[in-house]
Structure formats: structure tokens, C-alpha cells
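# Results of the structural survey
Here's the letter readout for the chains.
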Protein chains: 2
Amino acid sequence: MRLNEIDTPALLIDVPVMEDNIDRMAAFCRGGQAALRPHIKTHKCPELARRQLAAGAIGLTCAKVGEAEAMVAAGIDADFLIANEVVGPIKTGRLMKLAGQARMTVAVDDAENVAELGAAARRAGVTLGVLVDVDTGMHRCGVSPEAAASLAGVAATTPGLRFRGLMGYEGHAVFLTDRTERERVARSAMTLLLEARDRVLAAGLPVEVVSAAGSGTYDITGRIPGITELEAGSYILMDTRYRSVGLPFGCALTVLATVISRPTSERAVLDVGFKGITPEFGLPEVKRPEGVTVARLSEEHTTLTLEPGVSLRPGDRVELIPSHGCTTINLYERFYAIRDGQVQATWVISGRGKSQ
Amino acid sequence: MRLNEIDTPALLIDVPVMEDNIDRMAAFCRGGQAALRPHIKTHKCPELARRQLAAGAIGLTCAKVGEAEAMVAAGIDADFLIANEVVGPIKTGRLMKLAGQARMTVAVDDAENVAELGAAARRAGVTLGVLVDVDTGMHRCGVSPEAAASLAGVAATTPGLRFRGLMGYEGHAVFLTDRTERERVARSAMTLLLEARDRVLAAGLPVEVVSAAGSGTYDITGRIPGITELEAGSYILMDTRYRSVGLPFGCALTVLATVISRPTSERAVLDVGFKGITPEFGLPEVKRPEGVTVARLSEEHTTLTLEPGVSLRPGDRVELIPSHGCTTINLYERFYAIRDGQVQATWVISGRGKSQ
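Worth saying up front: this structure is predicted, and the values here are computed from it rather than measured.

## With respect to the overall build of chain A
On a plain count of helices and strands, chain A comes out with 10 helices and 17 strands. Relative to the globule expectation of 21 Å for 356 residues, the C-alpha radius of gyration of chain A, 22 Å, shows essentially globular dimensions. Projected onto its principal axes, the C-alpha coordinates of chain A cover approximately 70 × 45 × 35 Å. Here the contacts in chain A between residues at least 6 apart in sequence split such that 67% fall between residues at least 24 apart.

## Some points on the interface of chain A and chain B
Listed by partner, the interface residues are 46 residues for chain A and 46 residues for chain B. Secondary-structure elements contributing two or more residues to the side of chain A that touches chain B are strand E4 (79-85), helix H4 (89-99), helix H5 (111-124), strand E10 (253-264) and helix H10 (325-329) of chain A. Here the side of chain A that touches chain B is built from residues that sort into 15 nonpolar, 17 polar and 14 charged.

## Considering the domain arrangement of chain A
All names here are of chain A. Segmenting chain A into domains produces domain 1 (3-10 + 248-348) and domain 2 (32-235). Measuring from the centre of the C-alpha atoms in domain 1 to the corresponding centre in domain 2 gives 34 Å. Counting residues at the interface gives eight residues for domain 1 and nine residues for domain 2. Going through the elements one at a time, H10 and strand E17 (342-348) are the ones with two or more residues in the side of domain 1 that touches domain 2. Sorting elements by how many residues they give to the side of domain 1 that touches domain 2 places H10 first, with three residues. Considered class by class, the residues forming the side of domain 1 that touches domain 2 number six nonpolar, two polar and no charged.

## Things to note about the nonpolar core
Core analysis: the largest hydrophobic core is formed by 234 residues, its most contacted members being Ile82 of chain A together with Ile82 of chain B. Ignoring any residue separated from it by four or fewer positions in sequence, one finds Ile82 of chain B in contact with Cys62, Lys64, Val65, Ala68, Met104, Val106 and Ala107 of chain B.

## Description of helix H2 (residues 46-54) of chain B
Residues and elements named next belong to chain B. Residues of H2 that are buried include every one of Pro46, Leu48, Ala49 and Gln52, and no others. Down the axis of H2, the smallest arc covering the buried residues is 160 degrees, so these residues share one side. As for H2, its buried residues are in contact with helix H1 (15-30), strand E3 (60-62), helix H3 (65-73) and strand E17 (342-348). Immediately beyond the C-terminal end of H2, within one or two residues, lies Gly56, with a positive phi of roughly 120 degrees.

## Describing the relation of the copies chain A and chain B
With an axial shift of 0.0 Å and an RMSD of 0.0 Å, the rotation relating chain A to chain B amounts to 180 degrees. The superposition operator between the copies reduces to a two-fold rotation axis. Residues of chain A ranked by C-alpha distance from the rotation axis are headed by Glu280 of chain A, positioned 3.1 Å from it. The overlap is high: 100% of the interface residues of chain A also sit at the interface in chain B, so the same surface is used on both sides.

## Points about the packing of H3 of chain B against helix H4 (residues 89-99) of chain B
Residues and elements named next belong to chain B. Relative orientation of the contacting elements H3 and H4 amounts to 25 degrees, with a least axis distance of 10 Å. As summarised for this structure, H3 and H4 are arranged roughly parallel, according to the angle between their axes. The way H3 lies across H4 gives a crossing that is left-handed. Here H3 contributes Val65, Ala68, Glu69 and Val72 to the contact with H4, which in turn contributes Lys91, Arg94, Leu95 and Leu98. Counted by class, the contact of H3 with H4 contains five nonpolar, no polar and three charged residues.

## Some details on the sheet that holds strand E2 (residues 35-36) of chain B
Residues and elements named next belong to chain B. Here we have eight strands laid out as an open sheet, ordered E2-E9-E8-E7-E6-E5-E4-E3, and parallel in their pairing. Looking along the sheet, the strands with just one partner apiece sit at the ends: E2 and E3. As paired strands, strand E4 (residues 79-85) and strand E5 (residues 103-108) are joined by five bridges and run parallel to one another. Looking across to E5, one finds that Phe80 is bridged to Met104.

## Section: helix H7 (residues 179-202) of chain A
For an α-helix, 3.6 residues make a turn, and residues three or four places apart therefore share a direction. Between its first and last C-alpha, H7 of chain A extends 34 Å over 24 residues, near the 34 Å set by a 1.5 Å rise per residue. Listed in full, the buried residues belonging to H7 of chain A are Arg182, Val185, Ala186, Ala189, Met190, Leu193, Leu194, Ala196, Arg197 and Val200 of chain A.

## Some details on unusual backbone geometry
Residues other than glycine predominantly adopt negative phi, and peptide bonds predominantly adopt the trans conformation. At the junction of Arg288 of chain A and Pro289 of chain A, the peptide bond is cis and its omega measures out at 0 degrees in the coordinates. Assignment of secondary structure puts Pro289 of chain A in the loop between strand E12 (285-288) and strand E13 (292-297). Phi at Met238 of chain B is positive, roughly 65 degrees, even though this residue is not glycine. Examined against the element boundaries, Met238 of chain B turns out to sit in the loop between strand E9 (229-230) and helix H9 (240-243).

What counts and what doesn't
- Residues numbered from 1 in each chain as written.
- Chains lettered and ligands numbered in written order.
- Predicted model: local features only at pLDDT ≥ 70, side-chain atom pairs only at ≥ 80, totals over all residues.
- Helix = DSSP H or I, 4+ residues; strand = E, 2+ residues; numbered from the N terminus.
- Rg over C-alpha atoms; globule rule 2.2 N^0.38 Å.
- Contact = placed C-beta atoms within 7 Å.
- Nonpolar A, V, L, I, M, F, W, Y, C, P; charged D, E, K, R; others polar.
- Domains from an automatic or database assignment.
- Core = buried A, V, L, I, M, F, W, Y, C linked by C-beta atoms within 7 Å.
- Buried ≥ 20, exposed ≤ 12 C-beta atoms within 10 Å, placed from the backbone.
- Arc of directions from axis to C-beta.
- Least-squares fit on C-alpha atoms with pLDDT ≥ 70 in both.
- Axes fitted to C-alpha atoms, helices over the stretch in contact; angles between N-to-C directions.
- Parallel < 35°, antiparallel > 145°, perpendicular 65-115°, else oblique.
- Left-handed = near helix turned anticlockwise from the far one by under 90°.
- Pairing = 2+ DSSP bridges.
- Expected span 1.5 Å × (residues − 1).

Here it is in C-alpha cells:
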């Protein structure tokens, strides 16, 4: 299959760039004390998860039950972390079903939720791993370092659960473009996470896992003694927002679109908008052709501004780099894997659009 | 099925509010000279399209081929308008297949595209309706009023095509919150569209259709003599952005979410973020409970700020009104139809997530 046989809009992966990203992150983790448990919320694609595991990842991180279900349904047998709280009878029921099929660990930040998870695990006859989620300064979910030992104690003594350690995502650091500031905020966050660990250890509980980091902080957090796992995920495909942070990974992801209108010499319009390339981190960037910039996005259109002499006609193709890969990928059914200008394979995004 | 048996996040429709919206728009169109051809890009749901047709809509408007395919696949036999340019061999091939199953009309703004569509229609042995798309001031797709007659002439003389008239979406007017300004911009846009019509008529071509309007301008554009059809769509379910315009339609759509974390007295966190409620038109609003506002959205979380005394606990439910219904609905597989606090039905959003 050739590029011009792909219906648009479509997601393309530049496979050599992606492979280099995978190798680069794997090499970093091989050289240090922190292992990689990549976050698959960015790609939701079993094929990419398999490649990350083959490159040495010790397991997979998911944002929600639906993502882990997609991976398990594809036959991936890994050590899964759902790096998020799972609450209520419907979701905990789904989680316990998964825990009967693969090793599952979940984040907790509430004693009643710990009790609910333990009861569900016992009913299902499974053992569920738990990490205590620590608020390291992002102020979303998570307990304070002071409260971590108490909750760890509850988890460690709840039948059906296995207390494995702690996690704390420094999401308030990962996008800071100034490296010095990013280091400062990430180190400050990890000081809180390690304080929580020390309190848990002081309470006499073993701590197997201390999990943290995103793609913007992997080489800061990953060098801090005591951090055992990195949850970075976006590094594999990247986007313009993470590129602005100055990471050593290439943008492997583009949206292929078709010009549907060329109303004036300065303007052309593409067949993709908010429903195919998400805007929350800014406008996409034109990868090719040259001389073209994005003026605005609307629901089903991208309006382009053309420099003088650019010859785009209806039917011509344009490649855009998304500002936010994770939410853009969530809108598509498959990736087209491109090598040497040819479609090498299509990879199903089987976890996409699973809002639950 | 009761509300607490729904897994979250989930889309709810308040059915009586939606029915009132459908009735109100149908009543407006019954009383005037412009008929309703509602845009189904907002809901992408055959059940809702059927209700709009049953209430008197003369056909359906779609943004892209994939939406029309979803409606035809569900057995809806209507007069379809794809209010957008369809370009290239793959998409035109899909369009001609549809034109063999239902009455299809498409927008055009380019003579080469007209030739491509005509050739594809002849190969497929179908007749495709066309409307000349006129730029009425939004400056996206569309020809100038001066160029409309020439393109209409090409379309009218291309075998395989049937020239039906013109369309011109005043998208730059629909969200203007000042009614006087909205009227001024919409009337100015329709002056351009009717100028284009007059040029086509002067060239000796019959004009059956002059199609325009969104939910923000239906009662302005719909009262202008010469406008034959309204493409309004969002009125059926609404959102906070269209509510801010001051329309006589109620917000029938909410996202049901679950509290997954209550880390502090002032903060709670929900199990929905950018991947389940889109942010391009602003943060969602909390419908219930009272005393709760949205502080921020991230990829899988909504962080809430709670007034003193609000008792939300993990597992409790919260209903959010999206700022943009169209892109939020695109993320879900189904609506839950709610009447008297009970789930009356589930309606499949069969056109959702069809990026092509």
C-alpha cells in the first residue's frame, strides 16, 4: 500500500523515528537504577506495547481499566499498573476480572476505596497489587507524604490486596521548558515522594516500587536514587508540546490530511479539524509541504495560510504534527506504519475511544 | 436500568428537554419559508436523526461521508446533504456508493472537483446533487458570489451531476453573543449568498436550494426571504457555548462522571478529562450537585473545587454540561436516554469517531 492509497485524515507513524525513540529510552533505563513501565495511554496500541516490552520494559502503565482491557484482550501478558484510582462496583468488578487474567496493580489514595478494592478482590478470588498515590505537588489525586504510611498500613493489612509501594506523578514539572526549572520542580516533587517512602519504611512495611516520571522528566527523576520505575509514555511518538521541552526524541506521529478547498491564493483548507487533531495544547504544525502554516482549526477543517507560490490543489496531501499526540490518537482506529515512504503495516488502536 | 448502574464517564440525554428542543425548532420551521435540514454532525446518532425527520425535517446535513454512511447503514432513507467538499478518488468513490443507496447532494467550490465528481458519478451510474458553496464572510471554503454563476454553470452541464442550488454557512456569526451584532453579521452574510443566487438565476439556471444557518442564527437567517433550508444542528442537545448565545433551547446533554478522589476538603477529582469532555470552547459546567465548580481539566481527570460543606466522596456521581457538545459526543459509543431519573433507552452514536 502506498501513501496515496490511504484515506484521510489518517495517523502515520514514521517507524524508524519511533524505533529510535524506543531504543533511546530503553538504553537510558538499562544504564540506570530505574526501570521503564511505559504509559500506554498515549498510543493505546497492542503492537506498540509489545515493542516496548521487547525493548526491556518491565510492565505497562495504563490510565484506566479500558486501556488495560484492550491490552489483555490482545493477548499481552504483562505486569500492569493502572496509575489512577478505580472506584465503584462497576469499575472494580472490571478490574478484578482483569486481575484474574494478568498481574494488576492500582493506585489508591483513600481508605474506603482500599476496603472496597479488597472486598472485590476477595469476592473474585484474586490478588490485586496496590500503590499508594502521593500528591507530589501537582494537587490532583493522591495523599500527602504524612498520610502515606497510614494508608499503606491499611492496604498492607487488607486481605485480597498486596501493598507494593508508592507512586507520585510530577505532572506539574513535565512540560516546563526551562531545564533548570524543570529539574528543580521534579526534584522537589521526588523529595516528597521519597519522604512518603521513608515514612512507609519507618512503619515497617517493605517498599518494592516507587513509580514516577513523564517523558519530560524521565532523565531527571530516573537519576534520583530510590525511584524504581518510570511511567513515561509520550516519548515513543512525541508531539509539538513535548518537542518544545527539548527532549532527545523525534516526532514520529503525523496526521495525513487532504486539501479539499483552495479558495484563494493564500488559503487552502484540509479535511481534518477538532474531531481529528486536538487543539488543547495549541495548533498543529505543518510537517510538509514547506511554505504552509496552520491559521486555525474548526470542527472538521484546518485552514492553512500559504506563502506565495505554494501550489497546493484540492486532492493534494499535507502532513500535520499534532500538539497533543495522546488525545489525537484517541480519535483514530489505526496507525499506518510508514517506512521508506511505503505503508509497512496498519496497527489497530484497540484502546482508543474507550471513554470508560 | 437506573442511573447508578451506568458505568462512567457516560453521556446522558434529558429526553424531555431534547423533545422540547426538537418541537421548538420544528414549530419555527413550520411557520416560515425555510425548511429544516438538521446537521447530524452534532449527534451522529440514527435514533436522533429519525426523530428530527419525524418532526418534519426535509433531510439531513452531514459534515463528511462517514456520517452519511452511518445514517444509511442504519436504514435511514433521506435526502442527504454533505455540506462540505468531497475530494479525491477514495472519498468520491465512497460518496458514489452512497449515492446509489440514498439521495445525496454535496458542496463544491472548485471546477476540477466538479469534473472529478461528475466522472465518478458516471462511472458509478448514479446522479449526485451539487450545491455551490459560497464564502459568505467566514473565509474557509467556498467561492465568491462573483464566481458562483460560473461554477454553477459547470456543475449544471456536467453529466452525472444535478445542480440544485447554493449553500453558505455564516459560521462567523453563530456564536456572537450580542443579538444585534449577530443579526448584522448574519444578514450581511446572507446578502452575499443571495447575491450569488441572483447571479446564478441571471445566468439562466434554476435554483431549488439556498441552504444556510447554524443554531445561533436559525431565527435570523430563517426569516430572510430566499433562504430555503436551515442546517442548524446543535439546538437538539445544546452546550454551554451555545447557551451563552441566548437561544430558546435547553441543555439536554450531560456527562455523568464519578468522583475517584477527594484528597482535601476543597478538592475532588472525577474520572473524565480531555478524552471524555472536550475543552476547546472552555471548561465544562457542573450541573449537579450544587456548590461544585470545575477548576481544571487534564487528560483523564476533572479537578473540582468544592464550597465548604460539600460532602462528595469517592464513588459519588457528578453531572457536567460540556462547553462543546459536538466534539464531546464524538468520543462516546452511546447516549443514555434519561426520563424521570431512569434510563429509558441507549442510543448508539454509530457515526462517532469516524475520522474519515
